[in-house]
Amino acid sequence: MSQQLPSEHAILRIVARPTDVNADGDIFGGWLMSQGDIAGSIVATRYVKGHVVTVAATNFRFIKPVLVSDIVSLYGKVKHVGTTSITISLDVYIERKAHDYDFIDKVAEAEFVYVHIDKQGKPIPIQAI
Ligand SMILES: CC(C)(COP(=O)(O)OP(=O)(O)OC[C@H]1O[C@@H](n2cnc3c(N)ncnc32)[C@H](O)[C@@H]1OP(=O)(O)O)[C@@H](O)C(=O)NCCC(=O)NCCS
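Residues numbered from 1 in each chain as written. Predicted model: local features only at pLDDT ≥ 70, side-chain atom pairs only at ≥ 80, totals over all residues. Heavy atoms only, no water.

Engineer: Teacher, can you tell me more about the site of the ligand here?
Structural biologist: If you check the shell around the ligand, you find 13 residues, and the closest are Thr54, Thr83, Thr84, Ser85 and Val115. Thr83 is positioned such that a nitrogen or oxygen atom in its backbone is 2.8 Å from an oxygen atom of the ligand. Within the side chain of Ser85, one N or O atom sits 2.7 Å away from an oxygen atom of the ligand. Coverage of the ligand by the protein chains reaches 40% of its 980 Å² of free accessible surface. The set of elements that each furnish at least two residues to the shell around the ligand consists of β2 (52-62) and β5 (103-116). Counting residues per element, the shell around the ligand draws most heavily on β2, which supplies 4 residues. (Near = heavy atom within 4 Å. Polar contact = N/O pair within 3.5 Å; in protein donor to acceptor, adjacent residues only side chain to side chain. Areas by Shrake-Rupley, 256 points an atom, 1.4 Å probe, with all protein chains shown as cover. Helix = DSSP H or I, 4+ residues; strand = E, 2+ residues; numbered from the N terminus.)

Engineer: Just checking my understanding: could you explain the environment of Gly121 for this structure?
Structural biologist: Note on placement: Gly121 falls in the segment after β5. Taking C-alpha positions, Gly121 is 9.1 Å from Val52, a pair spaced 69 residues apart along the chain.

Engineer: Before we go on, may I ask you to explain empty space enclosed by the protein in this structure?
Structural biologist: One water molecule sets the probe size; rolling that probe over the atoms shows where empty space is left. Under the counting rule described, the total for this entry stands at 1 cavity of 30 Å³ or more. Counted as a void, the largest cavity has a volume near 40 Å³. Lining the largest cavity are Glu8, Tyr75, Gly76, Lys77, Ser89, Leu90 and Asp91. Among the elements of the structure, β3 (71-81) and β4 (85-96) are those that each provide at least two residues to the lining of the largest cavity. (1 Å grid on protein atoms, 1.4 Å probe; cavity = no way out; pocket = protein on both sides within 12 Å on 5 of 7 lines; lining within 4 Å. Points joined across faces, edges and corners; volume = space filled by probe spheres on them.)

These figures come from the coordinates and say nothing about function on their own.
Laid out in structure tokens, this is it:
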């Protein structure tokens, strides 16, 4: 059964293209992880208002396959703020062109951890907001 997209704004929306497939013709998991890192870093950067680097990608779960021409939407929120690190949880949904975009499904979820760094690349505290 088709799901509904979350009510909040997607952090990132992108169409899966033929150049994003693996040797078997399926969308490459690494492509989706890369989109997840981009989306997570947007949420983290907005929060810390500064430079972050990815320190870990955890709990990445590929729930359903992504197909070429699917619209892929990534939703993210701050899950935890540590001293210098910030954890972003992501949910990934698709709208399927092959079903006139009426078919919506959650295809992945993940957590990314970022560290707030200074110009020398050293971790610095995240200011409470
Ligand atoms: C991220 C980096 C700056 C951390 O430097 P560090 O001196 O090892 O920092 P620390 O050990 O003090 O850890 C910093 C924070 O990251 C957290 N952290 C470190 N490793 C982690 C992991 N595997 N999972 C989750 N959190 C982690 C620590 O718990 C700490 O969080 P806190 O301050 O909120 O308690 C450094 O490892 C680095 O530059 N890594 C490369 C980053 C990068 O280039 N990413 C892109 C890869 S293409």
